[in-house]
Every structure is written in structure tokens, then in C-alpha cells.
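Each chain, written out:
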Amino acid sequence: MLEKNFYKKDTLSLAKDLLGKIMVRRVNDKIMKAKIVETEAYLGIKDRACHTFNNNKTERNKILYMDCGTLYVYQTYGIHFLLNISSVGENIPEGVLIRAVEPLSDLNIFSQNRFKKDYKDLSSYQKKNLTNGPAKLTKALLIDKSLNGKDIFGKNLYIEDADSSFEISVDRRVGIDYAKEARDLSYRFFIKNNPYISLNMQD
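The notes below deal with the structure included here. (Residues numbered from 1 in each chain as written. Predicted model: local features only at pLDDT ≥ 70, side-chain atom pairs only at ≥ 80, totals over all residues. Heavy atoms only, no water.)

## Some remarks on the pattern of salt bridges
Pairs can form between side chains of opposite charge once their charged atoms are near each other. If you walk through the whole model with that rule in mind, you get 14 salt bridges. Note that lysine 4 and aspartate 67 form a salt bridge whose closest N and O atoms lie 3.1 Å from each other. With lysine 4 in helix α1 (residues 4-7) and aspartate 67 in the loop between β2 (30-42) and β3 (71-76), this pair connects stretches of sequence that are 63 residues apart. A salt bridge links arginine 188 to aspartate 171; the nearest nitrogen and oxygen atoms lie 3.8 Å apart. Residue arginine 188 is found in strand β8 (residues 188-191), and its partner aspartate 171 is found in strand β7 (residues 168-171); the two are separated by 17 residues along the sequence. Looking at arginine 188, the relative accessible area reads 0%, which means it is buried. Judged by relative accessible area, aspartate 171 falls into the buried class, the value being 9%. (Salt bridge = Lys/Arg side-chain N within 4 Å of Asp/Glu carboxyl O. Helix = DSSP H or I, 4+ residues; strand = E, 2+ residues; numbered from the N terminus. Buried < 20%, exposed > 50% of the residue type's maximum accessible area, 1.4 Å probe, protein only.)

Encoded structure:
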């Protein structure tokens, strides 16, 4: 398991360093493992795309002000959960969005969680869209608001070290057109040519 010191660094570095690491999710007697293949950095009070822009502290985003390694799980459109991990340290409200993962363990568990079907019964479209997005991966890994405010060092959700022999691509973040100048910042990182990334605008 990666210890707290791994997360105690600047947010852009953490977003890159998380690539290739293995997320482990335990639910009851089932263990799911997935490689992190895409992340986005959110740089707090100076980042218009971040929930804490301009030091806007609310009941929802106060989690980002907690110590590094804290899980910030929030809901979009009232249905989708997104997983973020706080970075740097306490009272520096920045974090990294886990944007896509590559399943490494029993695909049937991921598939049942996402589509209520075994993997072999999925369409090619469903297979491609199993975990290639922030809301897709949380559904496949059964991550919801119950984890909000907890940390990444527990027995039910943690991250393991892994080999990092791959090329990292950098691009603009996705879905933040409201963020004016911040929408063009190259704060999205992904493993080049990995089939599970959510979007490759460089193609």
C-alpha cells in the first residue's frame, strides 16, 4: 500500500505519479484491482475549474481541505459519483480526479457492477466503456458517497505501487468549458495508447 508521504506532493506531480498504480477495492469477500490510466489535477483556490476556487469552502468541498490522501467523492447530475484524492497537505484544497482505470482482476465483477451482466455477454460498446470514464469506474468499483471523507489507506480502498514503464501523454481537462481560462490548462494525464482512457483529443 502506498503511504501518506506518496500523496504529500504538488498536485500536478501526484496526478502523473498515480498513473500505472493499482487501485484495490474490497467489497465483502470480493476484491477488484484496476490500473489507474488517466487522471486530472485540480489546483485549488487559483484554479477556476476546482470546487475550491477563490477559497470557496462549503459543506461539500471541505473534504479537500483535509490532509493529503483523503477521498473526495461527490455526485454529478444527482446520479454519478466521481472519485478524487486530496494532495499536498492540510488546508491546501487541491486534489486529483481518477478519470479512468484498466481492470486487472475478474472482469465479471466489474461487468456485473456496471451492467448486471457477465463480461462475455457485453456488447463491444459496453466492453469499451467498462471503466473509461470517472463515473463509469466508480460504478464498476462500487465507489459512492459512503467513502467521502475517508482516506486511501483503508482495507476497503487503497492503492499499491506498480511498474511505471510507459509514456505519459498530457492534454486539456474534459467537461469544464465553464472554467474560462482554466479550461485550456494541460492538467490531464494518461498512459499513451491505453485502450481504457476516456478521451484522446490528440488523435
